[in-house]
Amino acid sequence: GLLPAMPQIGLTVTATRSIYCFAAAGIVLTVQFMAPLLPHDLDLASRPVNYLAVSAASRDGKSHTVEVYIDITGSLCSDYLDKAEITGQTGLLAGLPDASLTNSASDNQPLASSGDNQRINWGVVHLVSLDHEAQTCVASNLLRLVFAETGSLDPANIASIRHRPGQESPFVAAVSTRLVISPESGTAETVFLLAYDDGVSIDYFGRQTPAYCFRNGASFETIVRQAAADYTDLSGRCQAFDDQLQAESVQAGGTAYAALTSLAFRQAFAAHKLIADEQGDVVFLSKECFSNGCIGTVDVSYPSIPIFLLYNPELVRGLLRPIFRFASLDVWPFDFAPHDVGQYPLATGQVYGCREGRYDLKYQMPVEECGNMLIMTAAVCRADGNYTIATENMDQLDRWASYLLQYGQDPGEQLCTDDFAGHLAHNANLAVKAIVGLGAYAQILEHCDDKDKAAQIRAAAAKMAAIWDKDADCGDHTALTFDRPETWSMKYNLLFDRLLQLDLFRLDLYARDIDYWISRQNRYGLPLDSRASYTKTDWLVWCAALTDDKARIRALLEPVYRYYHETGSRVPMTDWYDTVTGRAIHFRNRTVIGGIFALLLKDRWLLPAALAGSGRC
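Residues numbered from 1 in each chain as written. Predicted model: local features only at pLDDT ≥ 70, side-chain atom pairs only at ≥ 80, totals over all residues. Heavy atoms only, no water.

## Brief notes about the overall build of the chain
Stage number 1. Helix and strand counts for the chain stand at 16 helices and 20 strands.
Stage number 2. Along the three orthogonal principal directions, the C-alpha set of the chain runs to about 80 × 50 × 50 Å.
Stage number 3. Buried residues in the chain amount to 57% of all 617 residues.
Stage number 4. Partitioning the contacts of the chain with sequence separation of at least 6, the portion at a separation of at least 24 is 71%.
Stage number 5. About 24,400 Å² of surface is accessible on the chain, with carbon and sulfur atoms providing 49% of the total. (Helix = DSSP H or I, 4+ residues; strand = E, 2+ residues; numbered from the N terminus. Buried < 20%, exposed > 50% of the residue type's maximum accessible area, 1.4 Å probe, protein only. Contact = heavy atoms within 4.5 Å. Areas by Shrake-Rupley, 256 points an atom, 1.4 Å probe, with all protein chains shown as cover.)

This is the structure in structure tokens:
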């Protein structure tokens, strides 16, 4: 049988690394997974290569020889493994020992299908060793038993292993190597590369497009060779990045908040694909995981942007560009912003709300998406002072602002980003988005020297905010809907009123709502609103960023940390969970978790030094 598992004695999760420690038989084994998602380096961040480092040290003062085995299965290159035809091969890749798998089934053509809860069904997954002496093998998963009994990858030994009834035997690609350690030599380490060659990644308005790092024609082998050469340097860079994020997060929100940012960092990036368009500009496309699989969803981008504004605003422009492009096409007939640009990996036109080839207005989000696009555009321009994307798309921004002027004061019955909760009329938080969106547009106009129009839009937004203040006021809190004073809701859309320093809403309104929200918390945090006990993590952290009071911040965030620490729902980090039961509701592994970085963005932007400069067109 297989060898018994080594007892785990430690786990550390940082922004770019997961580090596991095990101990048995006189050694300490450390296994470190590293994803070098350093956001200032887009070639690196888009490189389809991650690292697995295994190191061993003597624990008992004796010398040891450690045989290290790792394999991958065809589940990495197939949507459903039971329908796949997995083949593999061994050899050298970039001069290094390599074992790889591919799905040879007839339906594995690139970009042949789209949808949610769907995995890549084409391309080749590689397991590469940086040890030139490593052994490689592709065979049945009985190879694991062979290695456990013989310490060898010789496939001839498989015949000697008795096949167990009912045991599946899919192909695995395996690599093994040897570590020799002694008290004198210290730690010995071996490193594996986990790499994926998908050939093409996205259908971008009819153009089959590879990942960003291949935009200038680099080969997959060249990228792997560079990744192998960069390992030592990247180890240091990743550790420095992780340490800085940890320190800044503790300063912003305490140790609980630091745990959340480390947990969220990789996920916020992972369900995106970074490509370049025909002009070489960055395009950053999300997949709406565990919802409908949409690509480039505006109201998924909006909650995610704090992390990207913080570390590389060009990624926010990459979120905006496909929406501006699609909205300019004749096939989009509306005077409000679209919801998406397709279904992943096909960015070929909005699919949300499309019924029998026609867009059903019942399923659109007009106020939501107009407000999102205006706010995101103003935010990315403010982030680095570059207003080019606004000037290039001013006609669309003006059209969307006009829509908000007409319909944003008291939105009719329509969906907002929290569409899982259903349609809602007189949505006070949605009205906030419309008002902040207009304020954001006025700020864009002001910086682009259209001061007269800026003043007009600003005055209109201020008038709307005054009406909102009166209509939403319930004494000790603000309402979920204007017509129901007994209700309440998170007002997360206030965040960019604060971050953009629009000052459209009263500061005492912020403080009053925050105290009310704290009084409404359950064990695992503040519910989204008075209708149900579930919450959204991204919005909850946005609400915490509305205050500078450390005690209130901790009061809002520590129950969130408690949820992730105690929940029995063992799923990729969910953003939608029940604050009473501590169970995940549905969403998982979504990019919106980038909203957790709102607190760090608030601290960065509202420091006096950060406000010294301003950009011009």
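Picking up where we left off.
## Thoughts on the confidence of the model for the chain
Stage number 1. Taken as a whole, the chain shows an average pLDDT of 92; of its residues, 96% reach a score of 70 or greater.
Stage number 2. Segment residues 163-167 is flagged for pLDDT under 50; beyond a separation of four residues in sequence, or across chains, it makes six contacts in the model.
Stage number 3. Across residues 609-617, where pLDDT falls below 50, the model places 21 contacts with residues more than four positions away in sequence or in other chains. (pLDDT = per-residue confidence, 0-100.)

## Description of the sheet that holds strand S8 (residues 124-129)
Stage number 1. The eight strands lie next to each other as S1-S2-S3-S4-S11-S8-S7-S6, forming an open sheet whose pairing is antiparallel. Each edge of the open sheet is held by one strand with a lone partner, namely strand S1 (8-13) and strand S6 (86-93). Across the sheet, the mean angle from the axis of one strand to that of its neighbour is 15°, orientation sign disregarded.
Stage number 2. Pairing between strand S3 (residues 27-34) and strand S4 (residues 49-58): eight bridges, direction antiparallel. Bridge pairing in S4 places isoleucine 27 opposite serine 58. (Pairing = 2+ DSSP bridges. Axes fitted to C-alpha atoms, helices over the stretch in contact; angles between N-to-C directions.)

## Describing the packing of aromatic side chains
The description of an aromatic ring pair rests on the distance of the ring centres and on the angle between the ring planes.
Stage number 1. A full pass over the atoms with the stated rule returns 32 aromatic pairs.
Stage number 2. Here phenylalanine 284 and phenylalanine 308 contribute two aromatic rings whose centre-to-centre distance is 5.2 Å and whose plane-to-plane angle is 90°, an arrangement assigned as edge-to-face. Of this pair, phenylalanine 284 sits in strand S15 (residues 282-286) while phenylalanine 308 sits in helix H5 (residues 298-311), and the two are 24 residues apart along the sequence.
Stage number 3. The exposure class of phenylalanine 284 is buried, given its relative accessible area of 4%.
Stage number 4. On the accessibility criterion, phenylalanine 308 (0% relative accessible area) is buried. (Phe/Tyr/Trp six-rings, centres within 6.5 Å; stacked < 30°, edge-to-face > 60°.)

## Comments concerning the sheet that holds strand S9 (residues 135-140)
Stage number 1. Taken together, three strands build an open sheet; the order of strands is S5-S10-S9 and the sheet is antiparallel. Each end of this open sheet is capped by a strand with a single partner; those strands are strand S5 (64-73) and S9. Averaged over all adjacent pairs, the angle separating strand axes in this sheet is 25°, with direction ignored.
Stage number 2. Here S9 pairs with strand S10 (residues 171-181) via six bridges, running antiparallel. Bridge pairing links serine 140 to phenylalanine 171 in S10.
Stage number 3. Against the sheet, helix H2 (residues 143-150) touches S5, S9 and S10, its axis set at about 175° to S5.

## A short note on the packing of helix H3 (residues 220-253) against helix H15 (residues 550-566)
Stage number 1. Close contact between H3 and H15 brings their axes to 8 Å; oriented N to C, the two are set at 105°. In terms of axis orientation, H3 runs roughly perpendicular to H15. Judged by residue contacts, Gln251, Ala252 and Gly253 of H3 engage Lys550, Ile553 and Arg554 from H15.
Stage number 2. Considering only residue class, the contact of H3 with H15 consists of two nonpolar, two polar and two charged. (Parallel < 35°, antiparallel > 145°, perpendicular 65-115°, else oblique. Nonpolar A, V, L, I, M, F, W, Y, C, P; charged D, E, K, R; others polar.)

## Considerations on the nonpolar core
Stage number 1. Membership of the largest hydrophobic core comes to 161 residues, with the highest contact counts inside it found for Phe265, Trp468, Phe496, Phe505 and Phe597.
Stage number 2. Residue contributions to this core peak at 13 residues, all from helix H10 (residues 428-447).
Stage number 3. If we ignore the near neighbours within four places in the chain, the residues touching phenylalanine 265 are Ala15, Thr16, Leu37, Pro39, Phe241, Leu245, Ile307, Tyr311 and Phe597. (Core = buried A, V, L, I, M, F, W, Y, C linked by side-chain atoms within 4.5 Å.)

## What about helix H14 (residues 537-544)?
Stage number 1. The element H14 is extensively covered by neighbouring structure, given that eight of its eight residues are classed as buried.
Stage number 2. Burial in H14 covers these residues: Thr537, Asp538, Trp539, Leu540, Val541, Trp542, Cys543 and Ala544.

## Some remarks on the environment of aspartate 473
Stage number 1. You can see aspartate 473 is positioned in the loop between helix H11 (451-472) and helix H12 (495-499).
Stage number 2. Taking the C-alpha atoms as reference, aspartate 473 lies 56 Å from aspartate 197; in sequence the two are 276 residues apart.
Stage number 3. Here the side chain of aspartate 473 touches glycine 475 through a polar contact of 2.9 Å, landing on its backbone nitrogen. (Polar contact = N/O pair within 3.5 Å; in protein donor to acceptor, adjacent residues only side chain to side chain.)

## Describing the side chain of serine 301
Stage number 1. Considering the arrangement of structural elements, one finds serine 301 in helix H5.
Stage number 2. We classify serine 301 as buried; its relative accessible area is 3%.
Stage number 3. Ignoring any residue separated from it by four or fewer positions in sequence, one finds serine 301 in contact with Leu319 and Met376.

## Considerations on H15
An α-helix turns once per 3.6 residues; consequently, residues spaced three or four apart project the same way.
Stage number 1. Here H15 is 17 residues long and its end C-alpha atoms lie 24 Å apart, about the 24 Å a rise of 1.5 Å per residue gives.
Stage number 2. Among the residues of H15, Ile553, Leu556, Leu557, Pro559, Val560, Tyr563 and Tyr564 are the ones counted as buried.
Stage number 3. Elements that come into contact with the buried residues of H15 comprise H3, helix H4 (255-270), helix H13 (507-519), H14, strand S20 (576-578) and helix H16 (598-605).
Stage number 4. The opening residue of H15, the one whose side-chain oxygen lies 3.2 Å from the backbone nitrogen of alanine 551, is aspartate 549. (Expected span 1.5 Å × (residues − 1).)

## Considering the pattern of salt bridges
Stage number 1. All chains considered together, the criterion is met by 32 salt bridges.
Stage number 2. For arginine 325, the salt bridge identified is with glutamate 278, shortest N-O distance 3.0 Å. With a gap of 47 residues between them, arginine 325 in helix H6 (residues 314-327) and glutamate 278 in the loop between strand S14 (272-276) and S15 connect regions that are remote in the sequence.
Stage number 3. Among the residues examined, arginine 325 registers a relative accessible area of 27% and is labelled partly exposed.
Stage number 4. The partner of aspartate 529 in a salt bridge is arginine 531, and the shortest N-O contact between them spans 2.8 Å.
Stage number 5. Given a relative accessible area of 35%, arginine 531 falls into the partly exposed group.
Stage number 6. A single salt-bridge network, built from bridges that share partners, covers Glu314, Arg317, Arg321 and Asp384. (Salt bridge = Lys/Arg side-chain N within 4 Å of Asp/Glu carboxyl O.)

## What about the pairing of S3?
Walk down a regular strand and you will see the side chains alternate between the two sheet faces.
Stage number 1. Pairing between strand S2 (residues 17-24) and S3: eight bridges, direction antiparallel. Each bridged residue has a counterpart across the sheet, and for arginine 17 the counterpart in S3 is methionine 34.
Stage number 2. Between S2 and S3, which pair antiparallel in sequence order, lie two residues; one of them, alanine 25, sits at a positive phi of approximately 55°.

## Description of the side chain of aspartate 575
Stage number 1. Within the element layout of this structure, aspartate 575 appears in the loop between H15 and S20.
Stage number 2. Within polar-contact distance, the side chain of aspartate 575 engages the side chain of lysine 536 at 2.7 Å.
Stage number 3. Of note is the side chain of aspartate 575, whose polar atom sits 3.0 Å from the side chain of arginine 590.
Stage number 4. Once residues lying within four places of it in the same chain are set aside, the contact partners of aspartate 575 are Thr535, Lys536, Thr537, Tyr564, Phe587, Arg590, Val592 and Ile593.

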